[in-house]
Amino acid sequence: MGIIVSFLAVVALFLVALVGGGGLGLTWLFGEVVPYAAAALFLVGVVVKVLRWASSPVPFRIPTTCGQQKSLPWIKQAKIENPSTTLGVVIRMALEVLAFRSLFRNTRTELKDGQLSYSSNKWLWAAGLAFHYTFLVILLRHMRFFMEPIPGFVRAITTVDGFLQFPVPEVYVTTLVFLGALGFLLLRRVSSPQLRYISLPNDYFPLFLLLGIGVSGAFLRHVEKVDVTAAKATVMSLLHLAPSPQPLSGVFYGHLFLVSVLLAYFPFSKLMHAAGVFLSPTRNLAANSREVRHVNPWNHPVHVHTYEEYEDEFRERMRDAGLPLEKES
Amino acid sequence: MSSAPKPGHEKASKFKPDQMEYYDRDELVQLDYRRVPEKNWMDEPADIRHGNFIYPAKPQKLEYIGFPNAREWSPLEEDWKLPSNWKEIVLDGIRERIGKYRSFRVFMDICVRCGACADKCHFYIGGGDPKNMPVLRAELLRSIYRNDFTTAGKLLGRMVGARPLTLDVIKEWFLYFYQCTECRRCSVFCPYGIDTAEITMMARELLNLLGINVNWIIQPVADCYRTGNHLGIQPHGLKDTLEFFAEDVEEVTGVKVEVPINKKGAEVLFVTPSGDFLAEPGIYTCMGYMALFHEIGLDFTWSTYASEGGNFGMFTSADMMKRLNSKIYAEAKRLGVKWILGGECGHMWRVLHQYMDTMNGPADFLEVPVSPMTGTRFEYARSTKMIHIMEFTADLIKNGKLKLDPTRNDSRRVTFHDSCNPARGMGMLEEPRYVIKNVCRNFFEMPENTIREQTFCCGGGAGIGTEENMEVRLRGGFPRGNAVKHVQEKHGVNVLAACCAIDRATLTNVCDYWAPGVKLSGITELVANAMVMKGEKARELNFRKEPMRGEEGGGHV
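Draft legend 1. Spatial organisation of the overall build of chain A. Per the secondary structure count, chain A includes 14 helices and 2 strands. Here chain A holds 329 residues, and 36% of them are scored as buried. Considering only contacts in chain A between residues 6 or more positions apart, those separated by 24 or more positions represent 64%.

Draft legend 2. Region of the structure containing the packing of helix α6 (residues 134-149) of chain B against helix α10 (residues 196-209) of chain B. All names here are of chain B. Their axes nearest at 10 Å, the elements α6 and α10 cross at an angle of 35°. Note that α6 runs across α10; the crossing there is left-handed. In this structure, α6 contributes Pro134, Arg137, Ala138 and Leu141 to the contact, and α10 contributes Thr196, Ile199 and Ala203. Here the residues of the contact of α6 with α10 are counted per class, giving 5 nonpolar, 1 polar and 1 charged.

Draft legend 3. Structural detail: the sheet that holds strand β1 (residues 268-271) of chain B. Residues and elements named next belong to chain B. In spatial order, the strands read β2-β1-β3-β4; together these 4 strands make up an open sheet with parallel pairing. Pairing within the sheet leaves two strands with one partner each, and these edge strands are β2 (300-301) and β4 (386-388). Alignment of β1 against β2, held across 2 bridges, turns out to be parallel. Counterpart to Leu269 in the pairing with β2 is Thr301. Against the sheet, helix α15 (residues 318-335) makes contact with β1, β2 and β3 (339-342), and its axis sits at roughly 150° relative to β1, the strand it touches most. Packing against the sheet, helix α17 (residues 389-398) makes contact with β3 and β4, and its axis sits at approximately 70° to β4.

Draft legend 4. Molecular detail of the interface of chain B and chain A. Listed per partner, the contact involves 93 residues of chain B and 80 residues of chain A. Considering each element in turn, the side of chain B that touches chain A owes the most residues, 7 residues, to α15(B). Its residues assigned to classes, the side of chain B that touches chain A comprises 42 nonpolar, 24 polar and 27 charged.

Draft legend 5. The arrangement of the confidence of the model for chain B in detail. All names here are of chain B. Of the residues in chain B, 97% have a pLDDT of 70 or more, and the chain-wide mean is 95. Throughout residues 1-8 the model reports pLDDT below 50, and contacts reaching past four residues in sequence, or to other chains, amount to 16 contacts. In this model, residues 553-557 is a region of pLDDT below 50 whose contacts with residues beyond four sequence positions or in other chains number 10 contacts. The ipTM for the predicted assembly is 0.96, set against a pTM of 0.95.

Draft legend 6. Helix α14 (residues 307-320) of chain A, seen in detail. Residues and elements named next belong to chain A. In this model, α14 (14 residues) spans 18 Å end to end at C-alpha, consistent with the 20 Å of a helix rising 1.5 Å per residue. All buried positions along α14 are accounted for by Tyr307, Tyr310, Phe314 and Met318. Trailing α14 by a residue or two, Gly322 shows a phi angle of about 80°, which is positive.

Draft legend 7. A look at the sheet that holds strand β6 (residues 495-498) of chain B. Residue and element names in this part refer to chain B. Sheet architecture is open: 3 strands sit in the order β5-β6-β7, paired in parallel fashion. Here the strands that pair on one side only, and so sit at the sheet edges, are β5 (414-417) and β7 (519-521). Across the sheet, the mean angle from the axis of one strand to that of its neighbour is 35°, orientation sign disregarded. Two elements, β5 and β6, share 4 bridges in a ladder whose sense is parallel. Paired with His417 across the two strands is Ala498, which belongs to β6.

Draft legend 8. Structural detail: α17(B). All names here are of chain B. With 8 of 10 residues buried, α17 lies mostly within the body of the structure. Every buried residue of α17 is listed here: Ile389, Met390, Glu391, Phe392, Thr393, Ala394, Asp395 and Leu396. In this structure, the buried side of α17 is in contact with α14 (282-296), β3, β4, α19 (430-439) and α23 (523-530). Backbone geometry just downstream of α17 places Gly400 in the positive-phi region, at approximately 65°.

Draft legend 9. Structural view of unusual backbone geometry. Following A:Glu148, the chain continues to A:Pro149 via a peptide bond in cis, the omega torsion being -5°. Mapped onto the secondary structure, A:Pro149 falls in the loop between α6 (143-146) and α7 (152-161). Residue B:Glu280 is joined to B:Pro281 through a cis peptide bond whose omega torsion reads 0°. Within the element layout of this structure, B:Pro281 appears in the loop between α13 (275-278) and α14. One non-glycine residue, B:Ala462, lies in the positive phi region at around 55°. Relative to the elements of secondary structure, B:Ala462 occurs in the loop between α19 and α20 (470-476). When the 26 C-beta atoms within 10 Å are taken as the criterion, B:Ala462 is described as buried.

Reading the values: rules and limits
- Residues numbered from 1 in each chain as written.
- Chains lettered and ligands numbered in written order.
- Predicted model: local features only at pLDDT ≥ 70, side-chain atom pairs only at ≥ 80, totals over all residues.
- Helix = DSSP H or I, 4+ residues; strand = E, 2+ residues; numbered from the N terminus.
- Buried ≥ 20, exposed ≤ 12 C-beta atoms within 10 Å, placed from the backbone.
- Contact = placed C-beta atoms within 7 Å.
- Axes fitted to C-alpha atoms, helices over the stretch in contact; angles between N-to-C directions.
- Left-handed = near helix turned anticlockwise from the far one by under 90°.
- Nonpolar A, V, L, I, M, F, W, Y, C, P; charged D, E, K, R; others polar.
- Pairing = 2+ DSSP bridges.
- pLDDT = per-residue confidence, 0-100.
- Expected span 1.5 Å × (residues − 1).

Here you go:
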């Protein structure tokens, strides 16, 4: 149900722009208003969300320790999995963000004839990593539409990415991996009953949206062979705040519109994990809570049962038992 | 939980749902993880039945600690007798907590439902109920958060996983947030470090605002507040207990050990979970502490006021945790000790390691712990001034301060259960292993996905280790029990060592059920067995008063 709604929503969005930006020629809307509005929503939305997270304090130091603590000098500490220094935390976070360290641990639990077994299961890790890195490369590749002159590193990436040199224009490896990884993530979500059970419509929507962006982009390059000069002129005019969208094809405006939707959707969705991971207290704190006192800004006073109250209640029995007392009566 | 007797509920049996015998061992885990309910989880009401929930708190106990909405009620009845403004209380409670805890706010927003956590939870593995997947457990609360605190949720409702707060939601929370032991295993695997323990803690705080709590937690909390320990042992009773243990130590070793209680000016305050005072096998560990401290000549004291290392307050609210924990520093200050030594306990060490100094510190009236025997300065505890008995003992052994005869433990084929909190909330992995290997010659690890930071919970942590939810415990204990059975069959393991009082109590059931024949033991009990004491008599009996070297007088047979 959720998957169909999400799929149809993405198709409908694409068609709206295909017709609106292409056939009807509403370039001012799909080439100016929408991209600007989306970019503004993205920037403001992300900043507001992150500020809101940051406005909540971290009252306790709660790292999840995944290795040996720092204790006696002759016991080897796991300095990254259980970091006690800032450097350790930085490395732990870098591994988490750049290599998806925790996901790399993933196992599959199986129960057969009353016996449990756990096997390594890296598919999600591999597909997740492949998707994120190819998405990054694709973004960098697109810099050639955003910058004049085109920076050297963008040219270099583009050259390496197109090493297949086939057909003309050559297929980028990242496009294939990007679409393949997204396809895997979607297939995984659909084929596993458990995952299907936990999935919400808004788990499918971003997958279809990204697939739509990828497929329409590939179509523009390989099938339609879009007028790159006009496309670049359109994008550059937007960046220079002097928009003059060129009359480009409906597919181009469909592609641009899906990207705009992605930007606008981002701050209000789970896609914010990209920023949230940096603020996760189980990962971004040093596990040194016995060494350095962690201060809780709202550490308010609480009612306690004092020793005096305790002795008052039990004094007679303590005296009879010969236990020392603070007060004799 | 999903399988086992369905709606008609209780099956015909001469046993009751709070007895292990009620559950058929093979039937219980006839599970197919791929089978999920047909209806959307939001439309599937909680199935509360005997064997899977814990009885509500007694009103007078709640009143004693000043908790709101104390009343008589039953989870099995339709009407939970909630206060008329209960929705407002819950929503205000959420609002307050997202403002106080970044963890809560971030974890509500960033889950992508990748499912990496799903088959990491012992309750899901042993029960197959999708709502025990950590991701879905969190969604039970997230769905309400979205509905009332996010733009998308307000606009799009169920499309983005939001649902309105109803009484059925509260019932679901009660069931499933007491089927989480805050063990944090899922947070090891989560790519964003989302920690279900944080979410369960928040949910339980919210339920507590409505007077929905369980007696198995609230009674120990109230008793601890009053008497200093969860068991409600009064000062003279504790003195009797410890003196009784001293007699047993003397009977076994021939060495008379002292019982210093509330002694001002002692160098060290010793605090241990009160489970060590009451039940087997914890009491043998307690005797072990006494023998050890005597042997090394430690100038220490017990306290009756701070006679609890554990902290069931943690399973109700952060404030209650702080109220109970405050006694430890207060007592250390009153007695004028230099530093504090802590016994073998699990969640106790989560509190001491990650919360105590923040809540009730700074302990600037204490000194950095220094072992009087070895001179080792425990710099890593220079702020809390509290170290773990395993760290202390490992240092003693490393420096040759104990005379050990590990052959005395030869009848024991030992494996070690990493307790959740020392493993994932501290990282104390090598110290207990070092100690065990020095006092036992037969040590075998369980499979690697079931130990260290990946260790499985006993199924009874976070205050749910009681008889009345036996089904939940047996299911939750299944992954651990299964791993124990594995080393039992492969290596003839007959002792499961654990440095946690709750483990020693609940894993006893788990082993009896899933790996019969394996007995629980504290580590200091093993140390004290192997320890050659000055002036000891011929050691024929261990602390359990069983033949020291096994029935046959030899090694394992």
